[in-house]
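Chain by chain, the residues:
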Amino acid sequence: MRMFLWNLLLALAWTVSTGQFTVANLLVGLVLGYFILLFAGRAIGHSSYFSKVPQVVGFALFYLGQLILANLRVAYDVVTPTHYMQPGVIAVPLDARTDAEITLLANLITLTPGTLALDLSADRSVLYVHAMYIDNRDVDEARRQIKEGLERRVLELLR
Amino acid sequence: MNSLILKVATRFMLPLLLLFSIFLLLRGHNQPGGGFSGGLVGASAFVLYSFAFGVPETRQALGVDPRGLIGAGLLVAIGSGLLALFMGRPFMTSVWGQLDVPGLGTLYFGTPLVFDAGVYLVVIGVTLSVILPLAEE
Amino acid sequence: MATLLAILIGSLYAAGVYLILRRSLFKLILGLVLLAHGANLLIFTAGGLTRAQPPIIPPDATALPVPSADPLPQALILTAIVIGFSVLAFALVLFHRVYQTIGSDDPDELKVGEQ
Amino acid sequence: MSLYEVTLLEGAVTLGLMMAGIAMFLAFFRLVRGPSLPDRVVALDLIGIIAVGVIAAYDILTEQPVLLDAATVVALVAFLGTVAFARYVERRQQDE
Amino acid sequence: MNLLLVLPLVIPVSTAALSLLAWRRLALQRVLAIVGTAVLLGGGLALLTFVWKNGIAATQLGAWPAPFGITLVADLFSAIMVVLAGVIGLAVAVYSLASMDEPRESFGYYPLLQILLMGVCGAFLTGDLFNLYVCFEVMLMASFVLLALGGEPDQLRGAIKYVTLNLLASALFLAAVGILYGVAGTLNMADLARKLSEAAEPGTMTALAMLFLIAFGIKAAVFPLFFWLPASYHTPPVAVSAVFAGLLTKVGVYALIRVFTLIFVADAGYTHTLILVIAGLTMVTGVLGAAAQHEFRRILSFHIISQIGYMILGLGLAGLTDSPAISTLALAGSVFYIMHHIIVKTNLFLVSGVAQRLGGSFELKELGGLYRAYPGLTVLFLIPALSLAGMPPLSGFFAKLSLVQAGLGAEQYVIVAVALVVGLLTLFSMTKIWAEAFWKAAPADSLRQTLSAAEKRSLLLPIGMLAAMTVTIGLAAEPVFALATRAAEQLTDRDAYIRAVLGEPQ
Amino acid sequence: MAVGMLTAILSGFVLAILAPGLYRIVRGGAGWLLALLPLGLAIYFASHAPLIASGDALSESNSWVPALGVDLSFRLDGLSMLLSLLITGVGALILVYAGGYLAGHPQLGRLYAFLLMFMGSMLGLVLADNILLLFVFWELTSISSYLLIGFDHERAAARSAALQALLVTGGGGLALMAGLLLLGQAGGSLELSTLLLQADHLRSHPLYLPSLVLILIGAFTKSAQFPFHFWLPGAMEAPTPVSAYLHSATMVKAGIYLLARLSPALGGTDAWFLSVTTVGGVTMLLSAWLAITQSDMKRILAYSTVSALGTLTLLLGLGGTLAVQAAMAFLVGHALYKGALFLVAGTLDHQTGTRDVDRLGGLFRAMPITALAAGFAALSMAGIAPLFGFLSKELFYEAALRAPAAAWITAAAVTANILLAAAAFIVGIRPFLGKAVPTPKPAREAPLSLWMGSVVLASLGAVMGLWPALGTDGLLSAAGTAVLGETVSIHLSLWHGLTLALALSAVTLIGGVIVYVSRGLLRRLASRWESLGQFGPARWYELVLLGLNGLAGGQTRLLQSGYLRYYLMIVLVATVGLTGTTLATRGHLVKPTDWSGLHFYDVGLVVLILMATVATVLARTRLAAIAALGVVGYSVALVFVVFGAPDVAMTQFLIETLTVILFVLVFYHLPETPALSSALARGRDALIATTVGVLMTAFVLIATEVQYQPPISEYFAEHSLPDAHGRNLVNVILVDFRGLDTLGELTVLAAAGIGVYALLKLRVGKQRGTASAASGSECAPSAGDASLPIANPMPKEGEVS
Amino acid sequence: MNDMVTAVLIVVGGAFMLLAGVGIVRMPDLFMRMQAATKAATLGAGCMLMAVAVHFGELTVVTRALLVTAFVFLTAPVAAHMIARAAYSVRTPLWKGTIADEFHGHEDLARQPARENLTAQQAIPSPVEGIDRLRR
Ligand code: NA
Ligand code: NA
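All right, on to the overall build of chain A then. Within chain A, the secondary structure is distributed over five helices and three strands. Within chain A, the proportion of its 159 residues that are buried is 50%. Of the contacts formed within chain A by residues at least 6 apart in sequence, a portion of 68% connects residues at least 24 apart. In the form shown here, chain A has an accessible surface area of approximately 7,600 Å², with 68% of it arising from carbon and sulfur atoms.

Our focus in this paragraph is the overall build of chain C. Scanning chain C from N- to C-terminus turns up three helices and zero strands. Ordered by position in the sequence, the α and β elements of chain C form the string α-α-α. Rg of the C-alpha trace for chain C: 19 Å, well past the compact-globule value of 13 Å for 115 residues, more than 25% over. With the C-alpha coordinates aligned to their principal axes, the bounding extent of chain C is approximately 65 × 30 × 20 Å. A buried classification covers 78% of the 115 residues belonging to chain C. A total of about 2,500 Å² of accessible surface is found on chain C, and carbon and sulfur atoms cover 60% of it. Here chain C contributes 6 positively and 7 negatively charged side chains, and the mean placements of these two sets differ by 7 Å.

A few words on a nonpolar patch on the surface. Nonpolar side chains collect at one region of the surface, where I7(C), W595(F), L598(F), V603(F), V607(F) and M611(F) lie side by side and expose about 460 Å² of accessible area between them. Relative to the assigned elements, W595(F) resides in the loop between α25 (564–585) and α26 (600–618).

Listed as protein donors to the sodium ion (ligand 1) are I109(A) (O), T110(A) (O), T112(A) (O), T115(A) (N), T115(A) (O), T115(A) (OG1) and K39(G) (NZ); their distances from the metal cover 1.4 to 3.1 Å. Since its relative accessible area comes to 1%, I109(A) is described here as buried. Classification of T115(A) by relative accessible area gives buried; the value is 18%.

With that settled, the discussion passes to the pairing of strand β1 (residues 58–65) of chain F. Residue and element names in this part refer to chain F. The sheet contact formed by β1 and strand β2 (residues 70–76) spans seven bridges and is antiparallel. By the bridge assignment, N62 is partnered in β2 with L72. Two successive antiparallel strands, β1 and β2, enclose a turn made up of four residues, where G69 displays a positive phi of approximately 75°.

The next thing to look at is the packing of aromatic side chains. In this structure the tally under the stated criterion is 65 aromatic pairs over all chains. Judged by centre distance (5.7 Å) and plane angle (90°), the ring pair of F144(E) and Y162(E) falls under edge-to-face. Residue F144(E) is found in helix α6 (residues 129–148), and its partner Y162(E) is found in helix α7 (residues 153–184); the two are separated by 18 residues along the sequence. Residue F144(E) is classed as buried on the basis of its relative accessible area, which comes to 1%. Centroid distance Y97(F) to Y101(F): 5.7 Å. Interplanar angle 20°. Geometry classified as stacked. Remark: Y101(F) and Y97(F) occur in helix α4 (residues 78–101); sequence separation between them is four residues, near one turn of the helix. What links up through ring pairs into an aromatic cluster is the set F130(E), Y133(E), F136(E), F173(E), F212(E), F216(E), F260(E) and F264(E). Against the face of F62(A) rests R153(A), its NZ or CZ located 3.9 Å from the ring centre. A cation over an aromatic ring shows up here: R622(F) above the ring of F26(C), its NZ or CZ 5.2 Å from the ring centre.

This brings us to the pairing of strand β2 (residues 115–120) of chain A. All names here are of chain A. In terms of burial, β2 is largely enclosed, as six of its six residues are buried. When β2 meets strand β3 (residues 126–131), the two strands line up antiparallel, connected through five bridges. Residue pairing for β3: T115 is matched across the bridge by A131. What sits between β2 and β3 in their antiparallel hairpin is a turn of five residues, with R124 showing a positive phi close to 60°.

This part covers the interface of chain E and chain F. Facing the 138 residues of chain E at the interface are 122 residues of chain F. When chain E packs against chain F, close to 11,100 Å² is buried across both sides, 73% of that on carbon and sulfur atoms. By the criterion of area lost to chain F, the three top residues of chain E are W64(E), F107(E) and W439(E), representing 8% of everything that side buries. Here R372(E) makes a salt bridge to E154(F), at a shortest N to O gap of 3.1 Å. At the boundary of chain E with chain F, the tally comes to 17 residue pairs in polar contact (both at pLDDT 80 or more). Looking at which element gives the most residues to the side of chain E that touches chain F, the answer is α7(E), with 15 residues. Its residues assigned to classes, the side of chain E that touches chain F shows 92 nonpolar, 26 polar and 20 charged.

Our next topic: the interface of chain F and chain D. Of the residues lining the interface, 31 residues belong to chain F; the matching set on chain D comes to 32 residues. Our count for the contact surface shared by chain F and chain D stands at zero salt bridges. Connecting chain F to chain D are one residue pair in polar contact (both at pLDDT 80 or more). Among the elements of the structure, α26, α27 (622–642) and α28 (646–667) of chain F are those that each provide at least two residues to the side of chain F that touches chain D. Ranked by residue count, the leading element in the side of chain F that touches chain D is α27(F), at ten residues. In the side of chain F that touches chain D, the residues fall into 26 nonpolar, five polar and no charged.

Right, let's get into the arrangement of the chains. For the 14 pairs of chains in contact, the maximum contact count is reached by chains E and F. No interface is formed between chain A and chain D, the nearest pair of C-alpha atoms being 11 Å apart. In this structure chain A stays clear of chain E, and the shortest span between their C-alpha atoms is 21 Å.

Turning next to the pattern of salt bridges. Residues and elements named next belong to chain A. A full pass over the atoms with the stated rule returns 47 salt bridges over all chains. The closest approach of N and O atoms between K147 and E151, which form a salt bridge, is 2.6 Å. Remark: E151 and K147 occur in helix α5 (residues 139–158); sequence separation between them is four residues, near one turn of the helix. By the burial criterion, K147 is buried, and E151 matches it.

Bringing helix α21 (residues 472–484) of chain F into the picture now. Residues and elements named next belong to chain F. Here α21 spans 18 Å end to end across 13 residues, near enough to the 18 Å set by a 1.5 Å rise per residue. For α21, a buried count of eleven out of 13 residues is recorded, marking the element as mostly surrounded by other parts of the structure. Those residues of α21 that fall on the buried side of the exposure criterion are T472, D473, L476, S477, A478, A479, G480, T481, A482, V483 and L484. Here the buried face of α21 lies against α3 (49–53), α4, α13 (253–266), α16 (321–352), α18 (388–402) and α20 (448–466). Immediately downstream of α21, the backbone of G485 shows phi near 80°, a positive value.

A few words now on the environment of A410(E). Considering the arrangement of structural elements, one finds A410(E) in the loop between α17 (395–409) and α18 (413–439). Dropping the residues within four chain positions of it, A410(E) is found in contact with L317(E), T321(E) and I326(E).

A few words now on helix α4 (residues 66–86) of chain B. Residue and element names in this part refer to chain B. An ideal rise of 1.5 Å per residue puts 30 Å on 21 residues; α4 measures up with 30 Å between its terminal C-alpha atoms. A bend of about 25° at S80 is the largest found in α4. In this structure D65 caps α4, since a side-chain oxygen of it lies 2.9 Å from the backbone nitrogen of R67. A positive backbone phi angle near 80° is found at G88, which sits one or two residues after α4.

Attention now moves to the sheet that holds β3(A). Strand order in the open sheet formed by four strands is β2(A)-β3(A)-β1(A)-β1(G), and the pairing between neighbours is mixed. Looking at which strands have only one partner, the edges of the open sheet turn out to be β2 of chain A together with β1 (100–101) of chain G. Packing against the sheet, helix α2 (residues 30–56) of chain G makes contact with β2 and β3 of chain A, and its axis sits at approximately 120° to β2(A). The strands touched by helix α3 (residues 59–89) of chain G are β1 (88–93) and β2 of chain A together with β1 of chain G; relative to β2(A), the strand with the most contacts, the crossing angle is about 65°.

This part covers the environment of T470(E). Residue and element names in this part refer to chain E. Tracing the backbone shows T470 in helix α19 (residues 453–475). Sequence separation between T470 and F124 is 346 residues, and the spatial gap between their C-alpha atoms is 23 Å. In contact with T470, other than residues within four places in its own chain, are I343, V344, I383, S387 and S395.

Rules used throughout
- Residues numbered from 1 in each chain as written.
- Chains lettered and ligands numbered in written order.
- Predicted model: local features only at pLDDT ≥ 70, side-chain atom pairs only at ≥ 80, totals over all residues.
- Heavy atoms only, no water.
- Helix = DSSP H or I, 4+ residues; strand = E, 2+ residues; numbered from the N terminus.
- Buried < 20%, exposed > 50% of the residue type's maximum accessible area, 1.4 Å probe, protein only.
- Contact = heavy atoms within 4.5 Å.
- Areas by Shrake-Rupley, 256 points an atom, 1.4 Å probe, with all protein chains shown as cover.
- Rg over C-alpha atoms; globule rule 2.2 N^0.38 Å.
- Lys, Arg positive; Asp, Glu negative; His and termini not counted.
- Charge placed at Lys NZ, Arg CZ, Asp CG, Glu CD.
- Patch = residues over 30% accessible without salt bridge, like charges linked within 9 Å, V, L, I, M, F, W, Y side chains within 5 Å.
- Salt bridge = Lys/Arg side-chain N within 4 Å of Asp/Glu carboxyl O.
- Donors = N, O, S within 2.8 Å, 3.2 Å for Na, K, Ca; no water.
- Pairing = 2+ DSSP bridges.
- Phe/Tyr/Trp six-rings, centres within 6.5 Å; stacked < 30°, edge-to-face > 60°.
- Lys NZ or Arg CZ within 6 Å of the ring centre and 35° of its normal.
- Buried area = accessible area lost by both parts, 1.4 Å probe.
- Polar contact = N/O pair within 3.5 Å; in protein donor to acceptor, adjacent residues only side chain to side chain.
- Nonpolar A, V, L, I, M, F, W, Y, C, P; charged D, E, K, R; others polar.
- Expected span 1.5 Å × (residues − 1).
- Bend = angle between axes of the 7 residues up to and from the residue.
- Axes fitted to C-alpha atoms, helices over the stretch in contact; angles between N-to-C directions.

Printed below as a string of structure tokens:
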């Protein structure tokens, strides 16, 4: 089932990128995708994406907002002579479990200006994050922001 | 290395990159791309994989011996050139077959494309047989 | 235009030559890479420069729009690049092995082999 | 194109390219300056990403969508190179 | 004809590809090596006879008309060189069966040998300057690997110098090609010959010619560009040294002769005088270098250099005389000398290998007693050695004689004197090897191994064959020299070449 | 087509090849058996006597390498006849003698082979009519002489003597070759017979002098004339039969033969007279003196041989009927008695174990036959009637007395002959008279094979002296005719009345006796002058060799220094020097003009590349350099983007990244190394680098300025789509128009792939220098290990490789 | 209109890149340089790719532009993460103004599997290498 989804995705990618939206070309794409998956099958583990499409949209909007805000903040700091940041490395205990959850979370954290996923503890229970703005030196608050903000949304998106 | 994040990302990217590489190979005759860039992209896909998962796993994922790819690629390339010779034309004279696919228009299949495929294979084979042993060092 | 690139090419050659004359195998290789860049740009420039329009016949058209870049030098460079890469790969590993064997980066240590 | 009688688009693209160009030089400065190896790696990575943008902009400037593929490739390889460097940094640290 | 011209490239590269697929099947690789080289030789002979009968042959690859596609051209000179490549390839392949150690065999020795041959033959046959560069690179890359294969310290040391200097040469060559394309807008050598003959800037072209002279000069190991050769040739396994000694530098010589008889002829007074000077210096420095050596293969290596001098001596003379007869004689001398040299020099290296096998070393002081113990080997050494020194009635004598006659004919008395004296010095260092390795009593500690019957077969058979060829070329010098003369006539007749490639001018 | 003489010559070589095998079968009798060939040949030549005697000549010609003017043309006239008979006759005796002298020697078979090979070559030399053919055999005699002198090859002395002889005669040979070719050029033919017909033309030709000088050098070296004489005494390292045959009877006569042969064409000029006569005279006197100061019989004989050769040269220098007659007679006479004496010396050595005349005495009783042979030969050498030596000496004096500057020449002649007479007594008489001296081996008469040769030769000397008419006259006349080119008839007779020559003979004899008696005194005198010896030509030879080795060593240390960067430097300097000067002097330099169409991003890009390049050069750490290099590569790729080369750009980006990755993988565990070169060196290198850069810039400018023809690319634009069904011209070129380039490139890639893999995985063990590689058996252990995974593939290796 | 949007996107993109450039030069320690640089640049590149999409409008171009953007947004954070992680592991100094480092002391914990994995790789060398080690 999941494989088929993949296959379809690849086929689509193929058709759009060749720019010929015809049954024949879609078939070509399917066949190609099939072989690639066959070829790379050993490599690709199982992962679930693209369920809950609406949440994706909602989440995207939220994240975009975050992104712009954070960017402006960093930008301001970069262009103004004085440094306002209060950086630090904080440990964020994770509720996220699956590879996909953790990865997505980490990437989103990293993608947001001001936070940067450093490393994952060996038991995958803690994510170490470098944060640029630990407002009024409150580490727990920063931790909470990440968990309540990004992680919660990511999880409801993926679960 | 052993970074979960990298691993997951790689799992996701490997097929995309392979698709892209074949895409480059096939459209190379009409658009930027071709056997070289295609092969190099394909190879980089596995190089990335080796960074994320280690070399032995990569060899497994690859499934074939890189040097096998080299030899096969060479033979494909030579064969594509020899075909014309058997038909009494000079070596490497392109031989084209065209078929009209409803909706796709006329597709040209010719020895040059086969030749390019040979290039593709050799490039992948060589790049990997250079980088993988080094990554093991 | 060409003049600017001519000077650039000259500088690449100069830098490459300077590096291969250093007493370091590592720099020697860097030099070879720079020389290769110089040679590729040289072919590119000597073949004549055309801005932007690549030698590709647009999907709808049946002829190459003029002016377009000269495809031949590009093909030559592609060949040269790939050849250069394979040579470089080999040279790198060779120097690596030499380093492991004679335990030095100094080409003067290679004298032993000869005299 | 010459610098007078620029259309709005040309002007914008030129401006964008200039800013990107400056950024590239700044990144290069960091690459040369270091001090730490990761600094250089970050700089290289940055140059890669900027190159993607530059190529995109140049696409528009010259009406040459074909160059987009180059951008794609750059995006790919910049990532690859960075990962390689990161790997290098860690392994060297582990060897010591 | 299409077939004949292509075979010398296709056969080796196919063999290489198959050997790669048979990576773990050593026996199969060995068979492939023998068969491949044998077929190559056969193809070469067929090509030679074809060209002898029908004149210069050309095929337009991909059926694209010259000068747009790549043309393969075979005049007698090319054909001769291809045949020689086949001969050496076969001889060395057979020799390798017993002389090459299994680790190297299992790590791609045979496919590399084939790739080397492909590059060499390609260089001899291509009519396209950039393709010549590619063929050079094919040959070089293969030689790099063969040189370093096994990774012994001395090999690696030698390889670095070899690789670096040759890469420099390649870079220069590539640059020269690029510039030439920028100027003349073509890469086909015949087309270049035609277009440059009406060139507006002869002087500039001469400068460009110098760039080629240097690039090819490095490959040909002429003075003062030969350092890579003595630095490396004594380090790899003998079979490798032998095939290098026989073929590599000769490709450079071939390129020099081709380019300076076909393309850069406008300013012969200048260029060919230069070539003549270089020839003299090369002969002298090479032979003096040999005189200073006391190791079998090093002596031989330096002699390669001094003999390269003889080969390009003919080229130089050809450009400096007004008499067509003399210039033909000079070029014929060069061609004849190349034929003689390739066979003899390869053979001497092969002999050195056997000597090392029996005496346990290449160092002359550690060798000895071969004359008393191995009369057969003694003869097999004496023939190529005396031939190399130009002793009649062996091949080397007629090679030297023709060049000397041409030199006197062109009234270049100095270079003739140099050539004769160098000949004596060559004899001197051959007798050094003879006296030390063969006459002198064996040192007490030198270990005496004996050859198994199989080893005897695969080691001595090629040596014997090559020695026989040396004698034959000497005793039957007339037909061979006639061949060389015909080749020289074709070299001097540029229009014939151009016509063969580009067709009749419309 | 006649092949008589060709067959005669080749038969020698054929038998030479068979000889060792034959010896293995027949053993003892081999010498006798082999001697049949020269005997037969002698008869064959003699059979043409009538023809020759009639002043005619026998010629045959077959083509060999006409393209180079080398033809198998032979000519048998009086002179060749005379020498052919000598060569074959003495040859036969020597083969027999050798069988006895070296009986049981393991390499006797090879000795036979070399002797026969020499005989063939020598016959060819004297019969050849084509000068290049003559040269061919000339060189072959040198080689066979080399192999024969070094026969006792495990003795260093023998080896170096052989080398000395080879280098001296070989060097002369090269001069001869040049001289002959010049002569041929002057005369427009390579056939002696033709050349001799145009004497006047040749003598007046501008090439006459150079060719004469070169030819004389050849002749003098071969015939051991001063200052090249020193190799001959050294050659006495050879076994005695060899010395008797090559270095007395035949080979050393080759030079004389050449002089005689060419004298009609080259002789008769002042240049000829002065050079030949002087050299001959000096050689004659000097070596006659040296002869009597020796105590080793072979050395005495050697020096006296040199002296005799000097005499012959002198006579040929004088020219004229009488001199030539004398020369011919002397040539024969000397061959007979000197050959005999050499054989005697060998016999004594063989039977008594010493050749030192001071340790021999009273052997007559023990070895009467040998004694008689020796006596006759010695008396003939001393020129005592009625032996043949007497006749030749008489003729010599006659010629001397009639020569220009007669006084000088006669004086010299007499002095030399006095000394030689003494030498003859020392060698041929003294060992047998007086009371017996104990010798290392108790003396016993030699076997037949050892005395036959000397007896035959000695008695021939007597017979020919007593009855010259028996054939000697005819033979000598024919020879003289051949040399002079006009018919002469020689009538030797013991008595022509009380002539001045007779008186001189008497003087010679008396003088000889006196010198013989006072030889002890003379020798002591000589020993005082010995120090002079180290300024002699032999010393020059050593110095030349030393100088050569020094020069060779120095040059090699200088050029082939082993320093890679000096190699690179020399190559680069040569490049810039050669190309730059040519461009500057002959080409036209383009001024940088074309700044048109610049865009800010072009400039920015170029500046970035330049900065990155500088950063690469100056980087302190490896990784900084690598990163900077990456920037260079990326921005170069951007240049390709800017100028419409997306394919190149893409490939460049990919390759660049892989390159960076390679660098990283290779260098990540290599420690940093300090900069080693001095500031001065850096400055020098920077200079070289700059010049190279300037040169390249100049070339690019030229390439962009000059454009003879429109590039061939239009063709691709036209045919790509219709004929190659491709829109991307670059790709179409790569896979179709110029597919072979790509194929070649693939093989390069393949080779590189194998290479890297092998370099990383294969390490053959290192035994004793580079030896291991050459022999599988030697590196068997490592072979076993390294190839283990291949020999029997293991799963692990399956993945690894 | 179309051009307008394109222009804006390009300029914004350029601005982001410039920001990144300044950031990487100005920020006091590596981590903050990354914070300032990579992300801004990624956004900038994204904008410019969008500009391409808007400008050309053709589906093939648009889709490819989108794909590239997606690709960049996927890879950039991973790359950043890799560098940061590596940098921290080699103890790249933090800015003096850094107020907390909860990772300090836990790196080994995080790194452990890597170690194992590494040694595991070295434990099974190819036979050939095995010999080499013996020989060295
Ligand atoms: Na962030
Ligand atoms: Na290159």
